[in-house]
Amino acid sequence: MAFVKAVREKVYLKALLTGASGSGKSQSALELAMGIAKKCGSGIAYIGTEGDRDKLYAQYKSKHGDYNFEYDLLQLEDPFTTDKYIAAINEALDADYKVIIIDGLSAEWKWLNDTHDKMPGNSFTNWGKLKPKHRQLIDKILTSPAHILCCARGKDEWLMEEKNGKQVPKKVGLGSQTDKDISYEMMLSLQLDQDTHIAHADKDNTGLWDENRYSVICAKDGEALYDWCENGTVPSPKPPKIQKNVDSAEEDLSSIKKEIISTCVTLGGQKNEELMTVLKEYAPSGNPNAIKSADKAKECLEKIKAIKPIA
């Protein structure tokens, strides 16, 4: 283990778009995706949860440029389980898409909450069982070799604002209907206004959406984000993880324990004080079955083989 000089590497964009209903999340995600896809030469994989609304923007002409939205759709069906999202992302990666839209994450969060509400027992314990499942999805998004744009519904609330001298209600999306820490996970988190569709960042690692920037999203923004992602060296290949064969390791440990027990019988068992002293170094109870490590079991076996049987 040692410190090494940090080098800026190329990355894949992970972004979140949040807003009240009608704020333009889907269209804004498509604008960004079109810009990124143009630069990287990929098609757009659209993972939808909104039924017929998932198709509303197909071949739709953008208001911000001379291009139509083109994307390939995979629609998830209720129940919107975490596993379905992960399978859909894998499907997109296997088909070599480099731009993925998930519209939206809120359906998975609702499924988790509905599942939690139906579980008997302690609420806190039950969440402890469900959150790792949700974590799998977040990790899949963050580690996938693709630019992923996620939409999430805002927590709709109504506020009164003055317009033309009158107080009128306005719906705003305060926060996301998903994990409260989701913004921390993303490189870019944008909040969209319902009336104007203007985006403002509440988290920005890219430096393209500073605290003073309020603007409507267009494909040019996607192009700029892609350029930012590409501004670095090619990441070094990570060494493959050596996964231990659990079944094989368990079989190995079991086999060694059987040999230890057989040797103990030959040596006189509990009547042999020297034997019991050695056994308790590895299992305080003196029972070989309590040894948890194959390496420790092998070490124990070698030691007891050197012990003489009692007369």
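Please read all numbers here as calculations on a predicted model, not as lab measurements.

Asker: Would you explain the overall build of the chain in this entry?
Answerer: Each helix and strand in the chain was counted, giving 9 helices and 9 strands. Against the 2.2 N^0.38 benchmark of 19 Å for 311 residues, the chain shows a C-alpha radius of gyration of 29 Å, more extended than a compact globule. The C-alpha extent of the chain, read off along each of the three principal axes, is 105 × 50 × 35 Å. Out of the 311 residues belonging to the chain, those deemed buried represent 41%. Carbon and sulfur atoms provide 52% of the accessible area of the chain, an area that totals close to 18,300 Å². Computing the positive centroid from 43 side-chain charges and the negative centroid from 47, the chain places the two 4 Å apart.

Asker: Looking at this model, I keep getting lost on helix H3 (residues 106-118). Mind explaining?
Answerer: Since one α-helical turn is 3.6 residues long, residues separated by three or four positions face the same way. Across its 13 residues, H3 extends 19 Å between first and last C-alpha, which sits within 8% of the 18 Å expected from 1.5 Å per residue. Listed as buried for H3 are Ser106, Ala107, Glu108, Trp109, Leu112 and His116.

Asker: Got a minute to help me understand the packing of aromatic side chains in this structure?
Answerer: Aromatic rings in a pair are described by how distant their centres are and how their planes are angled relative to each other. In this structure the tally under the stated criterion is 6 aromatic pairs. Ring centres of Trp109 and Trp127 lie 5.8 Å apart, and the angle between their planes is 25°; this geometry places the pair in the stacked category. Of the two residues, Trp109 is situated in helix H3 and Trp127 in helix H4 (residues 123-143); the sequence distance between them amounts to 18 residues. Take Trp109: its relative accessible area is 17%, and that puts it in the buried class. Within the aromatic cluster, the residues linked to one another by ring pairs are Tyr57, Tyr60, Tyr67 and Phe69. Here Arg8 stacks its cationic end above the ring of Trp228, 4.7 Å away from the centre of that ring.

Asker: Before we go on, may I ask you to explain helix H9 (residues 294-305) in this structure?
Answerer: The terminal C-alpha atoms of H9 lie 16 Å apart, and with 12 residues this matches the ideal 16 Å at 1.5 Å per residue to within 8%. The complete set of buried residues in H9 reads Ala294, Ala297, Cys300, Leu301 and Ile304. Buried residues of H9, seen end-on, are gathered within an arc of 115° and therefore sit on one face of the element. Facing away from the buried side of H9, by more than 90 degrees, are the exposed residues Asp295 and Glu302. Of the residues that open H9, the one with a side-chain oxygen 3.2 Å from the backbone nitrogen of Asp295 is Ser293.

Asker: Which parts of the structure should I look at to understand the packing of helix H8 (residues 273-282) against H9?
Answerer: The description of two helices packed together rests on the angle between their axes and the distance between the axes. Axis separation between H8 and H9 bottoms out at 10 Å; the angle between their running directions is 170°. Classified by the interaxial angle, the pair formed by H8 and H9 is roughly antiparallel. Facing H8, whose interface residues are Leu275, Val278, Leu279, Glu281 and Tyr282, H9 presents Lys296, Glu299, Cys300, Lys303 and Ile304. Its residues assigned to classes, the contact of H8 with H9 comprises 6 nonpolar, no polar and 4 charged.

Asker: What exactly am I supposed to notice about the pattern of salt bridges here?
Answerer: A complete count under the given rule lists 15 salt bridges for this structure. In this structure, the salt-bridge partner of Asp83 is Lys133, at a minimum N-O distance of 2.9 Å. One end of the pair, Asp83, is in helix H2 (residues 82-94); the other, Lys133, is in helix H4, and 50 residues separate them in sequence. The class for Lys133 is partly exposed, based on a relative accessible area of 26%.

Asker: Before we go on, may I ask you to explain the pairing of strand E2 (residues 44-48) in this structure?
Answerer: Along any regular strand the residues' side chains alternate between the sheet's two faces. Counting buried residues along E2, 5 of its 5 residues qualify, which places the element largely inside the surrounding structure. Residues Ile44, Tyr46 and Gly48 point to one face of E2 and Ala45 and Ile47 to the other, with burial holding for every one of them. Direction of pairing for E2 relative to strand E4 (residues 99-103): parallel, over a ladder of 5 bridges. The residue bridging Ala45 from the neighbouring strand is Ile100, located in E4. One ladder, built from 4 bridges, connects E2 with strand E3 (residues 72-75); its direction is parallel. The residue of E3 that forms the bridge with Ile47 is Leu74.

Asker: Explain the nonpolar core here, please?
Answerer: A general tendency of soluble globular proteins is for nonpolar side chains to be buried together. By size, the foremost hydrophobic cluster in this structure holds 31 residues, and its most contacted members are Leu13, Ile44, Ile101 and Leu190. For this core, the secondary-structure elements that each account for two or more residues are strand E1 (14-19), helix H1 (25-40), E2, E4, strand E5 (147-163), strand E7 (188-192), strand E8 (198-204) and helix H6 (219-230). In terms of residue count, the dominant contributor to this core is H1 (7 residues). Once residues lying within four places of it in the same chain are set aside, the contact partners of Leu13 are Ile36, Ala146, His147, Ile148, Leu149, Met187, Leu225 and Cys229.

Asker: How should the environment of Pro309 be read in this particular structure?
Answerer: By secondary structure assignment, the location of Pro309 is in the segment after H9. For Pro309 and Lys133, which are 176 residues apart along the polypeptide, the C-alpha to C-alpha distance reads 53 Å. Residues within four places of Pro309 in sequence aside, it is in contact with Thr266, Leu267 and Asn272.

Criteria and thresholds
Residues numbered from 1 in each chain as written. Predicted model: local features only at pLDDT ≥ 70, side-chain atom pairs only at ≥ 80, totals over all residues. Heavy atoms only, no water. Helix = DSSP H or I, 4+ residues; strand = E, 2+ residues; numbered from the N terminus. Rg over C-alpha atoms; globule rule 2.2 N^0.38 Å. Buried < 20%, exposed > 50% of the residue type's maximum accessible area, 1.4 Å probe, protein only. Areas by Shrake-Rupley, 256 points an atom, 1.4 Å probe, with all protein chains shown as cover. Lys, Arg positive; Asp, Glu negative; His and termini not counted. Charge placed at Lys NZ, Arg CZ, Asp CG, Glu CD. Expected span 1.5 Å × (residues − 1). Phe/Tyr/Trp six-rings, centres within 6.5 Å; stacked < 30°, edge-to-face > 60°. Lys NZ or Arg CZ within 6 Å of the ring centre and 35° of its normal. Arc of directions from axis to C-beta. Polar contact = N/O pair within 3.5 Å; in protein donor to acceptor, adjacent residues only side chain to side chain. Axes fitted to C-alpha atoms, helices over the stretch in contact; angles between N-to-C directions. Parallel < 35°, antiparallel > 145°, perpendicular 65-115°, else oblique. Contact = heavy atoms within 4.5 Å. Nonpolar A, V, L, I, M, F, W, Y, C, P; charged D, E, K, R; others polar. Salt bridge = Lys/Arg side-chain N within 4 Å of Asp/Glu carboxyl O. Pairing = 2+ DSSP bridges. Core = buried A, V, L, I, M, F, W, Y, C linked by side-chain atoms within 4.5 Å.

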